[in-house]
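Structural characterization, general
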Amino acid sequence: MLKTAFHPIYKHPLPKGHRFPMEKYELLPQQLLHEGTCVESNFFQPEKPNDKHIVAVHTTDYYYDLINLTLDQRAARKIGFPLSEVLVAREVIIADGTMKASEFALEHGIAMNIAGGTHHAYSNRGEAFCMLNDQAIGARYLQDKGLAEKILIVDLDVHQGNGTAEIFKHDTSVFTFSMHGKSNYPFKKEISDLDIALENDADDATYLKLLKDTLPKLIQEQQPDFIYYLCGVDVIASDKLGKLGLSVEGCKARDRFVLEQCKSNQIPVMCSMGGGYSPDINTIVEAHANTFRLAQDLFF
């Protein structure tokens, strides 16, 4: 069964006109239920996890400043959301969703989080709508429990996974692969284990050829026993915060290829949804829903 983390707290109220499309976290599960891709039993509700799992990745000072709302103003501004107790609780619950989904992926081959993909969260700070790095937390959680040793993070969001790169820069047990827009945020990139930077307006064919030339070889070289897939849909041409040129179908073909590689190599995969900022919310929901449709078709 495709197990998917979802909690009503995922849809957090934001000031009118805020550019982050928070409503997608409510609309996506509704769409999946409406069309029959998922049923209620596919969803599980994460909770507040033990703090030890978060401070295994993030510094204690940063984490407690975050939960106590004592971050300095400059650090809080970089996050991009009005800081509140509920917002921080949301981020903590998202991290738990990814941890629990990771265990479901070991059981079923794949599992999902309706939210997550918070790859701009560093060990000691947050930025760009990210406060706690859910996939980094998930990776360390699996390792600490002895459930995985070598982990591959495949980050195909349009923005570089700078926080993830920083967290694991001295850790050979987690390989960070980021394929992103060259001239997009973050403008000062970190160094992942493998970075592929794409020129503006890269189309379906260009993108998919690079991915197909890279990922199978990477899996063979690294021999991971678990994969985290950050499947942001901000690679689509209509995205307000992306500069690539993929179609919705091209984005779906990307997801199909990644998930097929996981399935054919028998490597469990956990998917966090990542970014998506097209002006039409229906485009965002459709592109994200494709990932779930593929997961059901390929694994179940």
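This one's a predicted model, so the numbers in the text were calculated from it and none came from an experiment.

Criteria and cut-off values
Residues numbered from 1 in each chain as written. Predicted model: local features only at pLDDT ≥ 70, side-chain atom pairs only at ≥ 80, totals over all residues. Heavy atoms only, no water. Helix = DSSP H or I, 4+ residues; strand = E, 2+ residues; numbered from the N terminus. Expected span 1.5 Å × (residues − 1). Buried < 20%, exposed > 50% of the residue type's maximum accessible area, 1.4 Å probe, protein only. Arc of directions from axis to C-beta. Contact = heavy atoms within 4.5 Å. Salt bridge = Lys/Arg side-chain N within 4 Å of Asp/Glu carboxyl O.

Remarks on helix 1 (residues 24-35)
Taking 1.5 Å of rise per residue, 12 residues should cover 16 Å, and helix 1 covers 16 Å from first to last C-alpha, within 8% of that figure. If you check which residues of helix 1 are buried, you get Lys 24, Tyr 25, Leu 28, Pro 29 and Leu 32. Looking straight down helix 1, one finds its buried side chains confined to an arc of 125°; they lie on one side. Looking at the buried side of helix 1, the elements it contacts are strand 2 (43-44), helix 5 (85-108) and helix 10 (281-299). Within two residues after helix 1, Gly 36 carries a phi angle of roughly 90°, on the positive side.

Overview of unusual backbone geometry
Across the junction of Tyr 185 and Pro 186, the peptide omega takes the value -5°, indicating a cis bond. Relative to the elements of secondary structure, Pro 186 occurs in the loop between strand 5 (174-181) and strand 6 (194-198). One non-glycine residue with positive phi stands out, namely Leu 69, at about 60°. Secondary-structure assignment places Leu 69 in the loop between helix 3 (60-67) and helix 4 (73-79). A positive phi angle is found at Asp 201, which is not glycine, with a value near 65°.

Concerning the pattern of salt bridges
Evaluation of the coordinates by the stated rule reveals 15 salt bridges. As a salt-bridge pair, Glu 47 and Lys 100 come within 3.9 Å of each other at their nearest N and O atoms. With Glu 47 in the loop between strand 2 and helix 2 (51-54) and Lys 100 in helix 5, the pair connects residues that are 53 residues apart, well separated along the chain. Through salt bridges with shared partners, a single network forms among Glu 35, Glu 286 and Arg 293.

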